[in-house]
Amino acid sequence: MTTEVANHPCANGQFTDLAARVAAVTDAAEEHLAQSEREAAFPEEALAQMRRTRLLALLVPAADGGLGGTIADLVDVAMALGRTDMSVAMIFAMHCQQVEAIVRHAKPPLRDELLSLLASGDLYLASVTTEPGKGGHLFTSRAPLREADGSLDIDRMAPIVTGGTVADGFLITMRSPYATADHHVSLVYAHRRQLRVEATGQWCPMGMRASHSLPLALTGTIPAHQVIGEHGAFHQIAQSVFGPLAHIGWSAAWLGTACGALSRVLQLLRAPEGRKRFDLGSELLLTRLSRARQRLDGVHVLLRRAQDLVAREVDLSATSSQLLLNNLKIAAAEDCYAAVNDLVDAVGLRHGYLQDSPTRLEKALRDLRSAALNYSNDRLHLANGRLCLLDADVRLG
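Throughout this document, residue positions are counted from 1 along each chain, in the order its sequence is written. Given that this is a predicted model, residues contribute local features only at a pLDDT of at least 70 and side-chain atom pairs are listed and counted only at 80 or more, while totals for whole chains, interfaces and linings are drawn from all residues. Excluding hydrogens and water, the side-chain values take into account all heavy atoms of the structure.

(A) Region of the structure containing the overall build of the protein. Secondary structure summary: the protein contains 13 helices and eight strands in total. Here the C-alpha radius of gyration of the protein, 21 Å, is about what a compact globule of 397 residues would show, namely 21 Å. Taken along its principal axes, the extent of the C-alpha atoms in the protein is 75 × 55 × 40 Å. Think of it in three bands: with a 1.4 Å probe and only protein chains considered, a residue is buried below 20% of the maximum accessible area for its type, exposed above 50%, and partly exposed in between. The buried share of the protein, taken over its 397 residues, is 56%. Should any heavy atoms of two residues lie within 4.5 Å, those residues are counted as being in contact. Within the protein, counting contacts between residues at least 6 apart in sequence, those at least 24 apart form 73% of the total. Using the Shrake-Rupley algorithm and a 1.4 Å probe, accessible areas are obtained, with residue cover drawn only from the displayed protein chains. If you sum the accessible surface of the protein, you get close to 16800 Å²; carbon and sulfur atoms cover 51% of it. In this tally, Lys and Arg are treated as positive and Asp and Glu as negative; His is ignored, and so are the chain termini. Charge positions are represented by NZ for Lys, CZ for Arg, CG for Asp and CD for Glu. Here the protein carries 39 positive and 43 negative side-chain charges, and the mean point of each set is 4 Å from the other. Helix and strand assignments come from DSSP, with helices taken as H or I runs of at least 4 residues and strands as E runs of at least 2, each series counted from the N terminus. Both definitions apply: the radius of gyration is a C-alpha atom measure, and the globule rule equals 2.2 Å times residues to the power 0.38.

Pasting the structure below:
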């Protein structure tokens, strides 16, 4: 936890700083970690603490009753949560992505209603952007949004919705009522009470088990004013909020997970038992520790550079900015996983592979294996290759 987080000027009863809020969440996540992992169950106790501490209101402006946090705060909190459980960190980061979209693009009266609920901790948001046949591609949708008599009809299938079984509200991408092509996408908000939410499958993954990202069917009717931004203009929200905050928030969660793993390994090695078991003068061990730390420091530098880029509110549609943000996601996914994989080799079978090791490397490795698949690195490399051809002068972001 950085000094900036520890001294953040937000107050709510006993939670006089951001560090205390985060500690309450991590304590709950730690207490129920084994059960959540074993049962692939959503971490409801951690979410309850996010509500109680109002951490869900981190990015809600202070003028609207929130904590008035920054992108730097989001990074710090996601990293801190990731040290305990990557699923909890990802749940929080994706919620904040949705909050920022509402803050920047929702209009009254919807904006006022939602920010009030968010500020009080009464609104946990889930994102519905995946669709059968197109995966998580943000810029298209095949599910039609139908408008009639001042209402919008929702009939949406989504193969993955993190936290969808417990969310209070949903931000949903659909094909605009006025669309002439699949890329004319609208973003709408729906309260849970406005929808019928039905799980259509199971969640039994390798890692990220507590994210409880079930396939869902959502049907219902909402008032026509519950559109975020303009109809058919979701691409603007995706470029300014969804894409950047996803890559920054996810990368922070992954980095926190890998940092937590390295920290637990170092504590093991430095403990009296570890000093007896391991040769701390081994060149192979020292080299593997060095490479793991090198990877994490490199991701951290890139993450803070991207954080600064977004905080300065520059044109994120610029080629250099898109390349930087995409490369952050790719590098974080690859290097955080590789760092933990190196640590498995460094400490061997007992503490690198077995589930009951205090290092929890086995869990971290399974969780981080999802990173390259979460909006596929292969897809981003194709996008980056096309972007490179537009930047013959190689203007770095």
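What follows picks up the thread again.
(B) Representation of the packing of aromatic side chains in the model. We call Phe, Tyr and Trp rings a pair once their centres come within 6.5 Å, taking the six-membered ring for Trp, and we label the pair stacked below 30 degrees between planes, edge-to-face above 60, and tilted otherwise. Summed over the entire model, instances satisfying the criterion amount to three aromatic pairs. Ring centres 6.0 Å apart and planes at 45 degrees place the aromatic pair Phe42 and Tyr124 in the tilted group. One end of the pair, Phe42, is in the loop between α3 (33-39) and α4 (44-52); the other, Tyr124, is in the loop between α7 (110-119) and β1 (125-128), and 82 residues separate them in sequence. Just as Phe42 is buried, Tyr124 falls in that class too.

(C) View of the sheet that holds strand β3 (residues 151-162). Here we have four strands laid out as an open sheet, ordered β2-β3-β7-β6, and antiparallel in their pairing. Both outer strands of the open sheet, β2 (146-148) and β6 (195-199), are each paired with one neighbouring strand and no more. Along the sheet, successive strands turn relative to each other by an average axial angle of 15 degrees, direction set aside. Where β3 and strand β7 (residues 213-223) come together, ten bridges link them in antiparallel fashion. Across the sheet, residue Thr162 finds its bridge partner in β7, namely Ser213. Note on pairing: two strands pair once DSSP finds at least 2 bridges between them. Helix axes are fitted to C-alpha atoms over the stretch in contact, other axes to C-alpha atoms as well, and angles between N-to-C directions run from 0 to 180 degrees.

(D) Local environment of unusual backbone geometry. Here the amide bond leading from Pro108 into Pro109 is cis, since omega sits at 0 degrees, within 30 degrees of zero. Checked against the element boundaries, Pro109 lands in the loop between α6 (86-105) and α7. Non-glycine residue Asp149 carries a positive phi angle of around 55 degrees. Counting through the fold element by element, Asp149 comes out in the loop between β2 and β3.

(E) Structural view of the nonpolar core. The biggest cluster of nonpolar side chains holds 125 residues, and the ones touching the most others in it are Phe242 and Trp254. If we skip the residues at most four places from it in the chain, Trp254 touches Met86, Met90, Lys329, Ala332, Ala333, Cys336, Leu368, Ala371 and Asn374. Put simply, a nonpolar core is a bunch of buried Ala, Val, Leu, Ile, Met, Phe, Trp, Tyr and Cys residues held in one set by side-chain atoms that sit within 4.5 Å of each other.

(F) Fine view of the environment of His247. In this structure, His247 sits in helix α8 (residues 234-270). Here the alpha-carbon distance between His247 and Glu30, two residues 217 residues apart in the chain, equals 25 Å. Residues contacting His247, with those up to four places away along its chain left out, are Leu325, Asn326, Leu328, Lys329 and Leu380. Polar contacts, as used here, are pairs of N or O atoms within 3.5 Å; protein pairs need one atom able to donate a hydrogen and one able to accept it. Residues neighboring in sequence count only if both atoms are side-chain atoms. Among the polar contacts listed, one links the side chain of His247 to the backbone oxygen of Leu325, at a separation of 3.2 Å.

(G) A look at the environment of Ala179. With respect to the secondary-structure elements, Ala179 resides in the loop between β4 (169-175) and β5 (185-191). Along the chain, Ala179 and Arg142 lie 37 residues apart, while their C-alpha atoms are 10 Å from each other.

(H) Structural detail: the side chain of Ser357. Following the sequence through the fold, Ser357 ends up in the loop between α11 (319-352) and α12 (361-368). A relative accessible area of 4% means that Ser357 is categorised as buried. A polar contact of 2.9 Å, which involves the side chain of Ser357, links it to the side chain of His351. With residues near it in sequence (within four places) discarded, Ser357 still touches Arg350 and His351.

(I) Representation of the side chain of Asp391 in the model. Inspection of the secondary structure puts Asp391 in the segment after α13 (377-389). At 2.9 Å, the side chain of Asp391 forms a polar contact with the backbone nitrogen of Arg395.

(J) Broad picture of the pattern of salt bridges. For this analysis, a salt bridge means a side-chain nitrogen from Lys or Arg found within 4 Å of a carboxyl oxygen belonging to Asp or Glu. Per the stated rule, a full pass over the model turns up 22 salt bridges. Among the salt bridges present, the one from Arg350 reaches Asp356, with a minimum N-O distance of 3.3 Å. Given the relative accessible area of 31%, Arg350 is considered partly exposed. Note on Asp356: relative accessible area 57%, which makes it exposed. Salt bridges sharing common partners tie together Glu37, Asp85, Glu362, Lys363, Arg366 and Asp367.

(K) Spatial organisation of the sheet that holds β1. Reading across from one edge, β1-β4-β5-β8 is the order of the four strands in this open sheet, with mixed pairing throughout. Bordering the open sheet on either side are β1 and β8 (227-228), each of which pairs with just one other strand. Summarising the sheet, β5 and β8 pair through two bridges and their orientation is antiparallel. Considered in β8, the bridge of Val188 is made with Val227. Packing of α6 onto the sheet brings it into contact with β1, β4 and β8, and relative to β1 it is tilted by some 90 degrees. Along the sheet, α8 makes contact with β1, β4, β5 and β8, crossing β5 at roughly 75 degrees.

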